[in-house]
Amino acid sequence: MSLERPNPAKKSVSIKPWARILGLATVIAPAVLTVTMAEAGDRLLLKTPTAFPSKLPAVGTPIVKLADILNTASGGAVRMKIYEPGKLIAPSEILGAVSAGKVNSGFAASANWQGKMPAAAFFTSVPFGPEASEFMAWMYYGNGRKLHQEMYDTFGYNVHAIPCGMIPPETSGWFAKPINTVEDLKGLNMRFYGLGANVMDKMGVGTVQIPPAEIFSALEKGAIDAAEFSLPQVDQMLGFQKIVKYNYFPGWHQQTSMQELLINKKVWNTMNEQQQSLVETACKAVVADSLAEGEAKQFEVLASAKKNGVEIRYWSDEILSAYNNAWNEVVEEQSAKNEFFKKVWTDLDSFRKQYDLWEKHAFLPRDTSGADL
């Protein structure tokens, strides 16, 4: 089946020139730090449990790349020991463990803590939200980072939060049967994540959060009828296409997704200025690198979909509109219940309305030629 084309009015995501400048900064700044830290004899070992298997491209690989950058750029003065999910700390316990000082750092996505802090999901992804370049603009040059840290401080978590990974749009679901109408969604049990799960709940879907390693088994046993997890390349590695054959786009729920490095605040405050600068700069490099990796690896998977018996489908305007309406209801309800959620949403929404003026003038329409599958 051919992939229905996106709206050509939508704008493309690309790595902007600043990302290349950022890469240069990553080379130059750590090179300066290497000598001075080594001479000073400062040593730092970050013991870092991760929420994502490190073999998963763009999702799990950022923490491996971060560890390599820190070690190489510091001449071994700053090192990181990575613990795979569940090996030291369960993914769901990373925030609490870092805050309590059981480990001095952790790598995850803030939406993991949505049950404790509803606004946390904003710092991973936003339904019908910004693409990567706009999201980073808000995080780095709007109030995103300030609000990100303020959230942890407000809710009593003793952590310093750093954006440290970014991926392009995800697929929005793998289904056993075609979804042609809103009614077809009702009664399904589906693995879903972040604020998008709130939307799917409103659509009559029963949502559950299942760790990546357990999704295939849940689909195979019929414990769930459908699932969303990540990028096409990642989903293929996990084998979803062997069980369910209808893969839907666009990823309305996660147009981009950010990961975070959490460092115990007491540890962060005892780190010297050079160590802090190296970690911050290295994380910026990882953000650019993970986004580029994610963008580079998906088209090959889509091109081989038919060979695997998979139908790539694009949501109808009717269903996308229903998702959008449900999202507006979620925002209204959560804002009424939680002041910090409302504060973050108000700031992000204001930034996006201003950004629209730039977006409408600056970018070419997406090229819709020659991409049918």
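Since we're looking at a predicted model, the values are computed, not measured. (Residues numbered from 1 in each chain as written. Predicted model: local features only at pLDDT ≥ 70, side-chain atom pairs only at ≥ 80, totals over all residues. Heavy atoms only, no water.)

> Please set out the state of the cysteines residue by residue, giving values where relevant.
Overall, the coordinates contain one disulfide when judged by the stated rule. Through a disulfide, Cys164 is tied to Cys283; the S-S separation comes to 2.2 Å. Judged by the sign of its S-S torsion, about -85°, the cystine formed by Cys164 and Cys283 is left-handed. Highlighted residues: Cys164 in strand 4 (residues 159-167) and Cys283 in helix 10 (residues 273-296), separated in sequence by 119 residues. Comparing Cys164 with Cys283 shows no difference in burial state: the two are buried. (Disulfide = S-S within 2.5 Å. Helix = DSSP H or I, 4+ residues; strand = E, 2+ residues; numbered from the N terminus. Buried < 20%, exposed > 50% of the residue type's maximum accessible area, 1.4 Å probe, protein only.)

> Explain the nonpolar core to me, using residue names and the numbers behind them.
Ranked by size, the top nonpolar core spans 110 residues in total, and within it Leu66, Phe122, Tyr152, Phe175 and Tyr323 carry the most contacts. When residues of this core are assigned to their parent elements, the largest contribution, eight residues, is made by helix 12 (residues 317-337). Ignoring sequence-local partners within four residues, the contact set of Phe175 consists of Leu185, Leu188, Met190, Ala226, Val244, Lys245, Tyr246, Tyr248 and Trp315. (Core = buried A, V, L, I, M, F, W, Y, C linked by side-chain atoms within 4.5 Å. Contact = heavy atoms within 4.5 Å.)

> Go over the layout of surface pockets, please, and point to the residues and values.
The computed volume of the second largest pocket comes to approximately 440 Å³. Lining the second largest pocket are 25 residues, and of these Phe52, Asn112, Arg191, Tyr193 and Pro212 lie nearest its centre. Here the lining of the second largest pocket gets three residues from one element, more than from any other, and that element is strand 10 (residues 257-264). Across the lining of the second largest pocket, the residue classes tally to 13 nonpolar, eight polar and four charged. (1 Å grid on protein atoms, 1.4 Å probe; cavity = no way out; pocket = protein on both sides within 12 Å on 5 of 7 lines; lining within 4 Å. Points joined across faces, edges and corners; volume = space filled by probe spheres on them. Nonpolar A, V, L, I, M, F, W, Y, C, P; charged D, E, K, R; others polar.)

> Could you give an account of the packing of aromatic side chains, naming the residues involved and the relevant values?
One pair of aromatic rings is described through two measures. These are the centre distance and the angle between the planes. Throughout the structure, instances matching the rule amount to 18 aromatic pairs. Centre to centre, the rings of Phe155 and Phe340 are 6.3 Å apart; their planes meet at 85°, and the pair counts as edge-to-face. On the criterion of sequence distance, the pair formed by Phe155 in the loop between helix 5 (144-154) and strand 4 and Phe340 in helix 13 (residues 339-362) is long-range, its members being 185 residues apart. Residue Phe155 is classed as partly exposed on the basis of its relative accessible area, which comes to 33%. Relative to Phe363, the ring of Trp358 lies with its centre 6.2 Å away and its plane at 75°, an arrangement referred to as edge-to-face. Taking relative accessible area as the criterion, Trp358 reaches 52% and is therefore assigned exposed. (Phe/Tyr/Trp six-rings, centres within 6.5 Å; stacked < 30°, edge-to-face > 60°.)

> Can you break down the side chain of Glu280 residue by residue, with the values?
Topologically, Glu280 is positioned in helix 10. With relative accessibility at 19%, the residue Glu280 sits in the buried group. Within polar-contact distance, the side chain of Glu280 engages the side chain of His160 at 3.2 Å. (Polar contact = N/O pair within 3.5 Å; in protein donor to acceptor, adjacent residues only side chain to side chain.)

> Give me helix 7 (residues 212-221): which residues, what numbers.
Listing the buried residues of helix 7 in full gives Pro212, Ile215, Ala218 and Leu219. The buried residues of helix 7 occupy an angular sector of 95° when projected down its axis, which confines them to one face. Of the exposed residues in helix 7, the ones pointing more than 90 degrees away from its buried face are Ala213, Glu220 and Lys221. Buried residues in helix 7 make contact with strand 6 (189-191), strand 8 (226-227) and helix 8 (232-238). The positive-phi residue at the C-terminal boundary of helix 7 is Gly222, with phi of around 80°. (Arc of directions from axis to C-beta.)

> Describe the sheet that holds strand 10, listing the residues and the values that go with them.
Spatially, the three strands line up as an open sheet ordered 3-10-4, and their pairing is antiparallel. Two strands lie at the open edges of the sheet, namely strand 3 (105-108) and strand 4, each paired on one side alone. Averaged over all pairs of adjacent strands, the angle between their axes in this sheet comes to 20°, without regard to strand direction. Strands in contact with helix 4 (residues 132-141) are strand 4 and strand 10; relative to strand 4, the strand with the most contacts, it is inclined by about 165°. On top of the sheet, helix 10 reaches strand 4 and strand 10; it is set at about 25° to strand 4, its chief contact. (Pairing = 2+ DSSP bridges. Axes fitted to C-alpha atoms, helices over the stretch in contact; angles between N-to-C directions.)

> Explain the environment of Trp327 to me, using residue names and the numbers behind them.
Secondary-structure assignment places Trp327 in helix 12. Given a relative accessible area of 3%, Trp327 falls into the buried group. Along the primary structure Trp327 and Leu195 are separated by 132 residues, whereas in three dimensions their C-alpha atoms are 8.4 Å apart. For Trp327, the contacting residues outside a window of four places in its chain are Phe122, Val126, Pro127, Phe128, Leu195, Val199 and Trp345.

> So what's going on with the pattern of salt bridges? Which residues, and what values?
Throughout the structure, instances matching the rule amount to 13 salt bridges. Measuring nitrogen to oxygen at the nearest pair gives 2.9 Å for the salt bridge that ties Arg191 to Glu228. You can see Arg191 sitting in strand 6 and its partner Glu228 sitting in the loop between strand 8 and helix 8, a full 37 residues away along the chain. Among the salt bridges present, the one from Glu333 reaches Lys202, with a minimum N-O distance of 2.8 Å. Placement of the pair is Glu333 in helix 12 and Lys202 in helix 6 (residues 195-202), with a sequence separation of 131 residues. Within the structure, one salt-bridge network assembled from shared partners comprises Lys65, Asp289 and Glu293. (Salt bridge = Lys/Arg side-chain N within 4 Å of Asp/Glu carboxyl O.)

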